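So you can see what is in the structure, the chains are spelled out below.
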Amino acid sequence: MEPILQINQVSSNDENTLSYRITRTQGAENVNTEDILRLQLKETYPYKKGIIEVTRLSNNVWEVITNK
């Protein structure tokens, strides 16, 4: 089963970047490293904008900062 990730735009940190909150949901137990998260995001809007930084906030929540 493909992992399901919930992607929410949280804020615009400045004039050049956006911040997204990524939550692992159903079937996403294997998304447990930054590299795996990046692979899962490959076809999403945040990935296409250009990921700058990935931070793990908790077991199921990541923050992704991208270009605007």
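Structure report, in brief.

Reading the values: rules and limits
- Residues numbered from 1 in each chain as written.
- Predicted model: local features only at pLDDT ≥ 70, side-chain atom pairs only at ≥ 80, totals over all residues.
- Heavy atoms only, no water.
- Helix = DSSP H or I, 4+ residues; strand = E, 2+ residues; numbered from the N terminus.
- Rg over C-alpha atoms; globule rule 2.2 N^0.38 Å.
- Contact = heavy atoms within 4.5 Å.
- Pairing = 2+ DSSP bridges.
- Axes fitted to C-alpha atoms, helices over the stretch in contact; angles between N-to-C directions.
- Buried < 20%, exposed > 50% of the residue type's maximum accessible area, 1.4 Å probe, protein only.
- Polar contact = N/O pair within 3.5 Å; in protein donor to acceptor, adjacent residues only side chain to side chain.
- Salt bridge = Lys/Arg side-chain N within 4 Å of Asp/Glu carboxyl O.
- Core = buried A, V, L, I, M, F, W, Y, C linked by side-chain atoms within 4.5 Å.

### Section: the overall build of the chain
Counting secondary structure elements, the chain contains two helices and four strands. Taken from the N to the C terminus, the helices and strands of the chain come in the order β-β-α-α-β-β. For the chain, the C-alpha radius of gyration of 11 Å lies close to 11 Å, the compact-globule estimate for 68 residues. Each principal axis of the C-alpha distribution contributes one length, and for the chain these read about 35 × 20 × 15 Å. Here the contacts in the chain between residues at least 6 apart in sequence split such that 48% fall between residues at least 24 apart.

### Section: the sheet that holds strand β2 (residues 17–24)
Strands sit in the order β1-β2-β4-β3 across an open sheet of four strands; the sheet is antiparallel. Each edge of the sheet is formed by a strand with only one pairing partner; in this case those strands are β1 (5–11) and β3 (51–56). Shown here is a sheet whose adjacent strand axes are inclined to one another by a mean of 25 degrees, direction ignored. Judged from the five bridges that link them, β3 and strand β4 (residues 61–67) form a sheet pairing that is antiparallel. Each residue of the ladder has a partner; that of Arg56, found in β4, is Trp62.

### Here we look at the side chain of Arg24
Relative to the helices and strands, Arg24 resides in strand β2. The buried category is assigned to Arg24, whose relative accessible area is 10%. Among the polar contacts listed, one links the side chain of Arg24 to the side chain of Asn60, at a separation of 2.6 Å. With near-sequence residues (within four places) excluded, Arg24 lies in contact with Ile4, Leu5, Glu29, Val31, Asn32, Arg56, Asn59, Asn60 and Trp62.

### Digging into the pattern of salt bridges
Using the criterion set out here, one finds one salt bridge in the structure. One salt bridge in this structure joins Arg38 and Glu34, with 3.1 Å as the shortest N-O distance. Taken together, the residues span about one helical turn, with Arg38 and Glu34 both in helix α1 (residues 34–40) at a distance of four residues.

### Side note on the nonpolar core
Membership of the largest hydrophobic core is limited to twelve residues, which are Leu5, Leu18, Tyr20, Ile22, Ala28, Val31, Leu37, Leu41, Ile51, Val54, Trp62 and Val64. Element by element, the count of residues in this core is highest for β2, at three residues. Among all residues touching Ile51, those that are not within four sequence positions of it are Arg38, Leu41, Pro46, Val64, Ile65 and Thr66.

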